[in-house]
Amino acid sequence: MDNKKIVIANWKMKLSLAETSDLAKEMKNKFKGFGGEAAICPNSVSLVGVGKILKGGPVKLGAQNVFWEDKGAYTGEISPSMLVEAGCEYVIVGHSERRKYLLENYSMIHKELKAVLNIEGLTPIVCIGEDTVERKTDRRDFVLVNQLQEALGGINLMGDQQVIIAYEPIWAIGSGTAIEPTEAEYAHKIIKIALNDMFGMRVVKNNFRVIYGGSISSKNVKEFSGLEGVDGLLVGGASLDAEEFYKIAKAILK
Ligand code: 13P
């Protein structure tokens, strides 16, 4: 695979069930003939319903979270195989909002990633990114490499198993101001170098994509579309409007 670009919508907990299914239907129509790879990640309660809506269409289904065991007494959790049963092809692992509000850490993220890779047909989207203080104190590069090592250390990929790394600087999420494109390019380069060290260049080229997330909109997306090492986008707020998300998706493909 030559780093095919992908655009992923993270709807977080922002829509009601009715709004979720309406928007999923709209997306399915809007993306007819899109030609690229696109996915939406609705709330967990809507996964089965949205899976039915999207079936056979151009937009794929993703989940926002997953647990590391496949079955058992884990109240409130959802396993990788259940996600596949619901029609998911992607799952976000370790989003910064889960790290913040649910105290998810990289040892948990590592277990979740391993569990996802154990199941056929599910591609993990592993989130990394520095916070405001880490950025201000010039620790970004160290933080990113550390997060990658904790999440991915000791993991072996089989064949063409895919992993997506989402670089989401926490300070940029929901702020309305995305990272400067040159800074994104630099951070993506650091991430690819770290991955090359861990997995080797061939595996990184074939099995990994590194995408950016944080205040992307149809207005700023053009600045990101030509960037070296940016293999796609993870979009929050701007993905809640089908036309806006479609514009972003078209622009990043270029
Ligand atoms: P925003 O695009 O709303 O900044 O959210 C980004 C994000 O957290 C995607 O996972």
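The structure we're discussing is the one just above.
Conventions and cut-offs
The numbers attached to residues start from 1 for each chain and follow its sequence in the written order. Local features in this predicted model are restricted to residues whose pLDDT is 70 or higher, and side-chain atom pairs enter the listing and the counts only when it is 80 or higher, whereas totals over whole chains, interfaces and linings include all residues. As a rule here, side-chain values come from all non-hydrogen atoms in the structure, and water together with hydrogens is ignored. Here the term patch refers to residues with relative accessible area over 30% and no salt bridge, with like charges joined within 9 Å and nonpolar side chains (Val, Leu, Ile, Met, Phe, Trp, Tyr) within 5 Å. In short, Shrake-Rupley with a 1.4 Å probe defines the accessible areas, and a residue's cover is counted only from the protein chains shown. Any Lys or Arg side-chain nitrogen located within 4 Å of an Asp or Glu carboxyl oxygen qualifies as a salt bridge. In summary, the charge assignment counts Lys and Arg as positive and Asp and Glu as negative, without counting His or the chain termini. Where a charge lies is defined by one atom per residue type, namely NZ (Lys), CZ (Arg), CG (Asp) and CD (Glu). Elements are defined by DSSP. Helices are runs of H or I of four residues or more, strands are runs of E of two residues or more, and each kind is numbered from the N terminus. Three exposure classes are used, based on accessible area relative to the maximum for each residue type with a 1.4 Å probe and protein chains only: buried under 20%, partly exposed in between, and exposed over 50%. Should DSSP find at least two bridges between two strands, the strands are regarded as paired. A fitted line through C-alpha atoms represents every axis, and for helices the fit uses only the stretch in contact; the resulting angles, taken between N-to-C directions, go from 0 to 180 degrees. We call two residues contacting when some pair of their heavy atoms lies within 4.5 Å. Only heavy atoms are used to decide nearness, and a residue is near a molecule or strand if one of them lies within 4 Å of it. Here a polar contact is recorded for every N or O atom pair within 3.5 Å, except that within protein the pair must consist of a potential hydrogen donor and a potential acceptor, and residues adjacent in sequence are included only if both atoms are side-chain atoms. A pocket, in this scheme, is an open set of points on a 1 Å grid over the protein atoms alone with protein on both sides within 12 Å along at least 5 of 7 lines, while a cavity is a set where a 1.4 Å probe fits but cannot get out; residues line either one if an atom lies within 4 Å of a point. For a molecule to be placed in a cavity or pocket, more than half of its atoms must lie within 2 Å of the grid points of that cavity or pocket. Stacked, edge-to-face and tilted are the three classes for Phe, Tyr and Trp ring pairs, Trp counted by its six-membered ring, which pair at centre distances within 6.5 Å; planes under 30 degrees apart are stacked, over 60 edge-to-face, the rest tilted. Think of it as a cone above the ring: NZ of Lys or CZ of Arg counts as a charge over the ring if it is within 6 Å of the ring centre and within 35 degrees of the ring normal. The crossover handedness rule: strands pointing away from the viewer, path from first strand over the helix to second strand clockwise, crossover right-handed.

**With respect to a positive patch on the surface**
- On the surface, Lys219, Lys222, Lys247, Lys250 and Lys254 cluster together into a patch of positive charge.
- By secondary structure assignment, the location of Lys250 is in helix 11 (residues 242-253).

**Side note on unusual backbone geometry**
- If you check the backbone angles, Lys12 has positive phi at about 50 degrees while not being a glycine.
- Mapped onto the elements, Lys12 comes out in the loop between strand 1 (6-10) and helix 1 (17-30).
- Not every positive phi belongs to a glycine, and Ser215 is a case in point at roughly 60 degrees.
- Inspection of the secondary structure assignment puts Ser215 in the loop between strand 7 (208-213) and helix 10 (222-225).

**Describing the pairing of strand 3 (residues 59-63)**
- Within strand 3, four of the five residues are buried, which leaves it mostly tucked inside the rest of the structure.
- Strand direction decides the pairing type here: strand 2 (residues 37-41) and strand 3, joined by three bridges, are parallel. Counted as the bridge partner of Ala38 is Val59 from strand 3.
- Pairing analysis gives three bridges linking strand 3 to strand 4 (residues 88-93), with the strands arranged parallel. Bridged to Gly62 within strand 4 is Tyr90.

**Quick look at the sheet that holds strand 2**
- Pairing is parallel around the closed barrel formed by eight strands, whose spatial order is 1-2-3-4-5-6-7-8. For this sheet, the mean angle separating the axes of adjacent strands, direction not counted, is 25 degrees.
- Sitting on the sheet, helix 2 (residues 47-54) is in contact with strand 2, strand 3 and strand 4, with an inclination near 170 degrees to strand 3.

**Remarks on the site of the ligand**
- Near the ligand, the surroundings consist of Asn10, Lys12, His95, Glu168, Ile173, Gly174, Gly214, Ser215, Leu234, Gly236 and Gly237.
- A distance of 2.7 Å separates an oxygen atom of the ligand from a polar atom in the backbone of Ser215.
- Here Gly236 contributes a backbone N or O atom positioned 2.9 Å from an oxygen atom of the ligand.
- Considering the ligand on its own, with 310 Å² of exposed area, one finds that the protein chains cover 96% of that surface.
- Comparing atom positions with the cavity grids shows the ligand to sit within the largest pocket.

**Considerations on the side chain of Lys12**
- On the accessibility criterion, Lys12 (17% relative accessible area) is buried.
- At 2.8 Å, the side chain of Lys12 and the side chain of Glu97 are in polar contact.
- In contact with Lys12, not counting residues within four places along its chain, are Cys41, Asn43, Gln64, His95, Glu97, Ile173 and Gly236.

**A closer look at the packing of aromatic side chains**
- Taken as a whole and judged by the stated rule, the model has nine aromatic pairs.
- Here the aromatic rings of Tyr212 and Phe224 are separated by 5.2 Å at their centres, their planes lie at 15 degrees, and the arrangement is stacked. Taken together, the residues span a long stretch of sequence, with Tyr212 in strand 7 and Phe224 in helix 10 at a distance of twelve residues. For the pair shown, Tyr212 and Phe224 are each scored as buried.
- Of the aromatic side chains, those joined through ring pairs into one cluster are Phe31, Phe34, Phe245 and Tyr246.
- Sitting over the ring of Trp171, Arg135 keeps its end group 3.9 Å from the ring centre.

**Digging into the pairing of strand 1**
- With five of five residues buried, strand 1 is to be regarded as a mostly interior element.
- The two faces of strand 1 match: Ile6, Ile8 and Asn10 on one face and Val7 and Ala9 on the other face are all buried.
- With five bridges joining them, strand 1 and strand 2 adopt parallel strand pairing. Counted as the bridge partner of Asn10 is Cys41 from strand 2.
- With helix 1 bridging strand 1 and the parallel strand 2, this β-α-β connection has right-handed handedness.
- Where strand 1 meets strand 8 (residues 232-235), four bridges bridge the pair, whose relative direction is parallel. Its bridge partner being in strand 8, Val7 is matched across the sheet by Leu233.

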